[in-house]
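# Topology and contacts: notes
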2 protein chains.
Amino acid sequence: MGKNSTPWIQTVSLETPSLKDNTADAERLIQALRSRLNTPAIKIDLDLLKALPTVLRHSRFNVRCVLFKEKQHWVLIGITDAKETPRIAGLAIDLGTTRVVLRLLDLATGATLAESAFDNPQEKIGPDILARIHFAEKENGLRELNERIVSGLNSAIAHLCKSQQLEPEHIYALAVAGNTTMTHLFMGLNPRWIIREPYIPAVNAPGAVKADALGLQVHPRARVLIFPNIGSYFGGDLIAGILYSGIHHNAQTGILVDVGTNAEVVLGNENWLIACAGAAGPALEGGVTRMGMTAGPGVIDQIGVNPNTLEFNIHTIEDLPPKGICGSGVIDLAAQLFLTGMIDIRGKLVPAVCASKIREIDSLLHLIVVPAAKAATGSDLTISQADLDSLIRSKAAMYTILETITASVGVAPQDLESFYVAGTFGSFINPASAITIGMLPDLPLDRYKPLGNSSLRGAALALQSDKYHDEIDQIRGRITYLELNVNQDFMNRFSAAKFLPHTNTSLFPSVKLSNKRKL
Amino acid sequence: MGKNSTPWIQTVSLETPSLKDNTADAERLIQALRSRLNTPAIKIDLDLLKALPTVLRHSRFNVRCVLFKEKQHWVLIGITDAKETPRIAGLAIDLGTTRVVLRLLDLATGATLAESAFDNPQEKIGPDILARIHFAEKENGLRELNERIVSGLNSAIAHLCKSQQLEPEHIYALAVAGNTTMTHLFMGLNPRWIIREPYIPAVNAPGAVKADALGLQVHPRARVLIFPNIGSYFGGDLIAGILYSGIHHNAQTGILVDVGTNAEVVLGNENWLIACAGAAGPALEGGVTRMGMTAGPGVIDQIGVNPNTLEFNIHTIEDLPPKGICGSGVIDLAAQLFLTGMIDIRGKLVPAVCASKIREIDSLLHLIVVPAAKAATGSDLTISQADLDSLIRSKAAMYTILETITASVGVAPQDLESFYVAGTFGSFINPASAITIGMLPDLPLDRYKPLGNSSLRGAALALQSDKYHDEIDQIRGRITYLELNVNQDFMNRFSAAKFLPHTNTSLFPSVKLSNKRKL
């Protein structure tokens, strides 16, 4: 196997059958592949077996095989004359609750061909997991949810393939990473008991499933590796994230935080992994992602405040006139407001400092970030006290979860050697700002490692080599799931974290107030 | 597991899920079954996974599972509330070239419920394997052959089930034993290279295949264990025969002879097995089964000759007026003719002894076995010199094959401890008569063990326990296939065996000529 080549495509020359060696076609091929792949078992689907004798003889026993790994064995998916080099593609899917992202790969080399994304068509039924699970309980509800995601995928696949002059039938292997509920809805499995105590999924480790059984319009014999979950609140997207981060290979303890619809956290190293999902408890009600709008053209993603003039220095995506603020922008803004004294340590707007920037609307204080004249919307772009209060709760919850999980194994947040931030939100966040407001621990900035869409990237890894399939199983087997116990300890920590950056400022030595504030 | 129960039906009570044990439904069930079945891997089809959460909860986690074994893993086929006891059936199939036999079983106990048989509907296309393989090469030929056998099976299954107040959907597991070509035609595999040097099947060991992929109208998730072959001329029917005979468990060397369309022979013991198929070489052209007509009502299956009066004492099946002679009758007849001197040691009719029983028709001598007046046909029932010549060639070929295979491992035919005779033909044959004509070696009669339809019975064993699945693989792995080399040695042996009982009469000490002959 050369460099940059996956094990999925194997070109083999078989010994021509003779009276001395009358092994059948299937077993002859399997023997040759077995020594290549170091596996005891290779399965051939009946319909491929039907084509096998002719292909072997037309190719004079020199064939190119497409293979994939199922749980206990490999499976032969396609076979052609070795002289033919049809394009063979793979597809990694990040099956998000709100957004679905696809990456088309060359299955022989693992190289990325193209990516695309679409809004999860289940959103029209329910914006979140809870609403969809309730809908699934109606007559034909599950079927409709399933059909929506599957047909959404099928049209996205068709478009993506077309952009690369490929046919969907050229896709022979897929890997899908999603949270536990999305995975269930995608497979057509009843999600009812995911949200009901004691929160039991239908399946933890579905393994590889035939694409046609899932309704996917790709090669009918294509296999779909579905990432396993640890439970109802720790899904395959997180396993994919861990796989991509490599945290499970590190000698020193690190942490991975995925700030998606929930905040999920994994702590560990090459020896152990502890996970918890932040959906537990009332602290995170509203979620971390309720901060600001979804990132997009014209959305403010970075904000600076001149500490002397208190003027805002905004950056918008694609440098268009501003129409709103996304999460990373809100965190930047809050950090700057705090440093300049425009909000106090409780996150409350300080009218005396904000001066003319403040408005009271419906008896609620608002801070004008962009005046109407400069905004794309034609009206003032503001952040309200309620937005800030919500941010404080979210950041406090985040920090409390980090503190709780690290405390559970006797590690201080400050001792973490690596801090992986997953999710698109995590990629845009400015760690310095997040530290300033006490959302993330005060680590040297180079320990923060944004992973981008680690669910998609982990899924793509599973299409690079079978060794990642084994790693997925190992990760799943090694994780201890920590049920977040929202007890008095947790609530005490939460209360302390509701200040900027924290009641215990010694935890945040790098947070330096500006001159203006100190005055 | 109690007595007379198979491993396929398992009733399990699962630990009810709790916050302390949030294992998913599928893995919870698999864990419980795994310890029962002593297997690392149990698969659940997607459509059953969809039903699983509801069934588990309706049954309060007390369920009855139907399982079967695939190659590397077990598979869950069905699941119900433990309180329900639906009927669960298995079906063993002997997939003969001319006749197909079915045995319906209770899959929980392995007990036989009913049997039926039908003529292979492919016979209308071609009476033998060769004709069918040639037909399969025509456009849609393979499809027609496949559809004929599959629809023949489907109607037989429907009838058989009806007779037991069962639905075909109650059949969850099947085992099919047939020769290599029949197995290929049944699976829709191209048989073209089976009859072309170097005689390569498409597959040796198909394992378990889903019934619906084969077009069988039984439970859609039912699995079909297809018996493996050793090569083009040693099929799954023979493996099933070996399994049923138990020859592979014996300390002392025995032999198994299946006299079907070809004569196939297996020699061995618990340590080794050697097989050869008698289709090789011109000696067996015409085959052993060309002797006489197919057994049926009114057919002579036993004949005695009064050594003093030379009168025939015939027995017909169901004691009806005679209409013909079947194979076992022909062997009886030849033995009696030889003992009484009506034929000589070359098998030639001796007119002087046969006297008025002889007729010359178209310049060919015929012996009248039943005169027209007593025959169901209204005309003389005769055996011709050509019939006798053909019998001599067949019996000589049979003995030569036995001598050759035993000689290849240094065993004399006379040293065989067990002599299993498989096939319906083998069940009716009178070993004493076969010894008299030198077709079978001169062993004490109690060493001859008719196995009946050992293909069907072996298939039925595969539905009793997974241990037989392992045995099937072991048998296949242990067999050395001996290509019959029709060299000068073989031809010399063949020439010697073309006499009655043999040129070397010391090989047949028990063959005693009657007084009449000795005179």
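This text follows the structure it describes.
Summarised in this report is the structure supplied together with it.

About the cut-offs
Residues numbered from 1 in each chain as written. Chains lettered and ligands numbered in written order. Predicted model: local features only at pLDDT ≥ 70, side-chain atom pairs only at ≥ 80, totals over all residues. Heavy atoms only, no water. Pairing = 2+ DSSP bridges. Helix = DSSP H or I, 4+ residues; strand = E, 2+ residues; numbered from the N terminus. Axes fitted to C-alpha atoms, helices over the stretch in contact; angles between N-to-C directions. Contact = heavy atoms within 4.5 Å. Buried area = accessible area lost by both parts, 1.4 Å probe. Salt bridge = Lys/Arg side-chain N within 4 Å of Asp/Glu carboxyl O. Nonpolar A, V, L, I, M, F, W, Y, C, P; charged D, E, K, R; others polar. Least-squares fit on C-alpha atoms with pLDDT ≥ 70 in both. Buried < 20%, exposed > 50% of the residue type's maximum accessible area, 1.4 Å probe, protein only. Core = buried A, V, L, I, M, F, W, Y, C linked by side-chain atoms within 4.5 Å.

### A short note on the sheet that holds strand 11 (residues 254–259) of chain B
Residue and element names in this part refer to chain B.
- Read across the sheet, 6 strands follow the order 21-20-11-12-13-22 without closing on themselves; strand pairing throughout is mixed. Across the chains shown, the open sheet's two edge strands, defined by having one partner strand only, are strand 21 (448–452) and strand 22 (479–481). Between one strand axis and the next, the sheet turns through 20 degrees on average, direction left out of account.
- Across 4 bridges, strand 20 (residues 418–422) lies against strand 21 in parallel orientation. The partner of Tyr420 across the bridge, within strand 21, is Lys449.

### Looking at the interface of chain B and chain A
- Counting residues at the interface gives 41 residues for chain B, matched by 42 residues for chain A.
- A combined buried area of about 3,400 Å² lies between chain B and chain A, and 63% of that area is made up of carbon and sulfur atoms.
- Viewed at the interface, chain A and chain B are joined by 2 salt bridges.
- The salt bridge partner of Glu70 of chain A is Lys43 of chain B, with a shortest N-O separation of 3.8 Å.
- Sorting the residues of the side of chain B that touches chain A by element identifies helix 1 (25–37) and helix 2 (46–58) of chain B as the ones contributing at least two each.
- Ranked by residue count, the leading element in the side of chain B that touches chain A is helix 2 of chain B, at 6 residues.
- Broken down by class, the residue content of the side of chain B that touches chain A amounts to 22 nonpolar, 10 polar and 9 charged.

### Focus on the relation of the copies chain B and chain A
- Turning chain B through 179 degrees and shifting it by 0.0 Å along the axis lays it on chain A, with an RMSD of 0.2 Å. The relationship between the two copies is best expressed as a two-fold rotation axis. When each C-alpha of chain B is compared by its distance to the rotation axis, Gln72 of chain B comes out closest, at 3.5 Å.
- A shared interface surface links the copies, since 100% of the contact residues of chain B are contact residues in chain A too.

### Some details on the environment of Gly254 of chain B
All names here are of chain B.
- By the secondary structure assignment, Gly254 is in strand 11.
- The exposure class assigned to Gly254 is buried, which follows from its relative accessible area of 0%.
- Considering only alpha carbons, one finds Gly254 and Asp466, 212 residues apart in sequence, at a separation of 25 Å.
- The residues touching Gly254, leaving out its near neighbours within four places in the chain, are Ile247, Val266, Leu267, Gly268, Leu416 and Ser418.

### Details of the pairing of strand 4 (residues 74–81) of chain B
Residues and elements named next belong to chain B.
- Burial of strand 4 is extensive: 7 of the 8 residues sit out of reach of the surface.
- Where strand 2 (residues 42–44) and strand 4 come together, 3 bridges link them in parallel fashion. In the sheet register, Ile42 faces strand 4, and the bridge partner there is Trp74.
- By the bridge criterion, 7 bridges tie strand 3 (residues 62–69) to strand 4 in an arrangement that is antiparallel. Note that in strand 4 the partner of Leu67 across the bridge is Leu76.
- The loop that links strand 3 with its antiparallel partner strand 4 comprises 4 residues.

### Side note on the nonpolar core
- Among the nonpolar cores identified, the biggest contains 108 residues, and Leu102, Leu153, Phe186 and Leu216 of chain A together with Leu29 and Phe227 of chain B are the most heavily contacted of them.
- Among the elements that take part in this core, helix 4 (residues 141–163) of chain A stands out by supplying 9 residues, more than any other.
- Look past the residues within four positions of Leu216 of chain A in its chain and what remains in contact with it is Val150, Leu153, Asn154, Leu174, Phe186, Ala211 and Val224 of chain A.
- Counting residues in each nonpolar core, the second largest holds 103 residues, with Leu107 and Ile472 of chain A together with Val176 and Phe186 of chain B among its members.

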